[in-house]
Amino acid sequence: MTANAPITQDVLTIPRKDTPTDGRRNLVGLTREQLREALVSVGTPEKQAKMRVNQIWQWIYHWGVRDFDAMTNLAKTYRATLSENFSVTVPDVVSRQVSDDGTRKYLVRIAGGHEVETVYIPEEDRGTLCISSQVGCTLTCSFCHTGTQKLVRNLTAAEIVGQIMVARDDLGEWPEPGVGSGESGPRLLSNIVLMGMGEPLYNFESVRDAMKIAMDGEGIALSRRRITLSTSGVVPEIARTAEEIGCMLAISFHATTDEVRDKLVPINKRWPLAELLEALKAYPKASNSERITFEYVMLKGVNDSDEDARRLVQLIKGIPAKINLIPFNEWPGAPYERSDWRRIKAFADIIYKAGYASPIRTPRGEDIMAACGQLKSATERARKSRAEIASEAGLG
Ligand code: SAH
Ligand code: SF4
């Protein structure tokens, strides 16, 4: 199926298979060095270890193979050793919903019975996978549905890269062994955005390791320019992102004064606009990436005036930037409304005239609650009350 084929909405429930609890170590999510150590620990001679890492890496991340028996360039006895000690395990997909516009939302179950959401968004020239980094979020942005859910835990690197693997499974995008290299034609899954549930920079090591795996040329091989990490503004980790991941950066900016940003993105109280902007100024050079995406959610009467647009342009002066205007996506009980279309256009116009690209993000997958900020696993019990959210955000 091509990414653009018309799909009518369906809800598909995929039977649960149990994650192995047999004590075997999962090889998914290990860095090359960790994989080497794991192989040596089961008797792989040091001298062969590097070659074995390469072979197994390609089976897992290039060919999408999960069964050691199918790794035909390894000796039978070695394959047996591997399957006694290790597994190649990705999270279970509990259900998949397909929107009228082709957006696919996967409910992914991870160890402990927790659930996160992963969203695939097909577009004409690309296919973007929006992945989650945490179950819930410790932060409490007052317009975000995920922010109403308490943090349950950080995802492991395996669970983060596993979301890419299950999406490729569903899209049928692994090359077939023996039939080409799998590199012909455009990719269905060509881009990754860390814009699902959670604050990726509060789970730095796992996000970094998972993205390194996704970028590795012998596997999933996505260029670092096709990976965008979105942060609410964890200032001390921004320079580290440039150094250790080097992907594109998006910042949940959303307001042009500390007073308003304190309410919308409460992490602003810890790292206010001036400090954030300093960190952002250094990012493009440090990561050798062209520009930063400023995400700006359009909330009626809150942050959407002409004055806001002009202040925004002033604030980001000197930073190579693109401003992504996000019409607010409503969720049950949300304390805001989406700005009118004319207001959004007028705001975009001021930014555009100042010389910045100002695309308006079309909401995708709204009918299945897959749009930005709507993600939240319905089964999750640890919820914050509305009063709690309002008081944490300083609204109450
Ligand atoms: N925690 C990270 C990444 C996840 S949120 C961050 O905050 O950047 C991805 C984007 O969706 C962020 O820019 C977030 O501010 C935005 N968002 C959250 N709730 C939204 C909503 N209800 N409508 C529109 N955008 C929303
Ligand atoms: Fe967390 Fe991002 Fe939502 Fe804020 S916008 S609550 S940081 S997921």
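So, here's what we can say about the structure.

1. A word on the site of ligand 2
And step 1. Around ligand 2 lies a shell formed by Cys-137, Leu-139, Cys-141, Cys-144, Gly-147, Gly-198 and Ser-232.
And step 2. Residue composition of the shell around ligand 2, grouped by class: 4 nonpolar, 3 polar and no charged.

2. A look at the nonpolar core
And step 1. Among the nonpolar cores identified, the biggest contains 106 residues, and Phe-143, Met-211, Leu-280 and Phe-294 are the most heavily contacted of them.
And step 2. Every residue in contact with Met-211, bar those within four places of it in the chain, is listed here: Ile-131, Ile-160, Ile-192, Leu-194, Ile-227 and Ile-245.

3. What about the site of ligand 1?
And step 1. Around ligand 1 lies a shell of 20 residues, among which Gly-198, Ser-230, Ser-252, His-254 and Asn-329 are the nearest.
And step 2. Here an oxygen atom of ligand 1 and a side-chain polar atom of His-254 are 2.6 Å apart.
And step 3. Notes on ligand 1: free accessible area 530 Å², of which the protein chains cover 96%.
And step 4. Elements that contribute at least two residues to the shell around ligand 1 include exactly β11 (227-231) and β13 (292-298).
And step 5. Tallied by class, residues from the shell around ligand 1 come to 9 nonpolar, 9 polar and 2 charged.

4. Comments concerning the pattern of salt bridges
And step 1. For the structure shown, the criterion picks out 25 salt bridges.
And step 2. Here Glu-237 and Arg-240 are joined by a salt bridge, their closest N and O atoms 3.1 Å apart. Remark: Arg-240 and Glu-237 occur in helix α6 (residues 235-244); sequence separation between them is 3 residues, near one turn of the helix.
And step 3. Assessed through its relative accessible area of 19%, Glu-237 is described here as buried.
And step 4. Residue classification places Arg-240 among the partly exposed residues on the basis of a relative accessible area of 22%.

Parameters at a glance
- Just so you know, the residues in each chain are numbered from 1, in the order the chain's sequence is written.
- The naming scheme follows written order: chains are lettered A onward, ligands numbered 1 onward.
- Side-chain atom pairs in this predicted model are given and counted only at pLDDT of 80 or more, local residue features only at pLDDT of at least 70, and totals for whole chains, interfaces and linings cover all residues.
- To get the side-chain values, all heavy atoms of the structure are used, and hydrogens and water are removed first.
- It suffices for a single heavy atom of a residue to lie within 4 Å of a molecule or strand for the residue to be listed as near it.
- Nonpolar residues are Ala, Val, Leu, Ile, Met, Phe, Trp, Tyr, Cys and Pro. Charged residues are Asp, Glu, Lys and Arg, and all others, Gly as well, are polar.
- Put simply, a nonpolar core is a bunch of buried Ala, Val, Leu, Ile, Met, Phe, Trp, Tyr and Cys residues held in one set by side-chain atoms that sit within 4.5 Å of each other.
- Throughout, exposure labels follow a simple rule: accessible area from a 1.4 Å probe, protein chains only, divided by the maximum for the residue type, with under 20% read as buried, over 50% as exposed, and the rest as partly exposed.
- Only heavy atoms enter the contact rule, under which two residues are in contact if any of them lie within 4.5 Å.
- Polar contacts, as used here, are pairs of N or O atoms within 3.5 Å; protein pairs need one atom able to donate a hydrogen and one able to accept it. Residues neighboring in sequence count only if both atoms are side-chain atoms.
- Surface accessibility follows the Shrake-Rupley procedure with a 1.4 Å probe radius. Residue values consider only the protein chains on display as shielding.
- Helix numbering and strand numbering both begin at the N terminus, where a helix is a DSSP run of H or I of at least 4 residues and a strand a DSSP run of E of at least 2.
- Salt bridges are counted wherever a side-chain nitrogen of Lys or Arg sits within 4 Å of a carboxyl oxygen of Asp or Glu.

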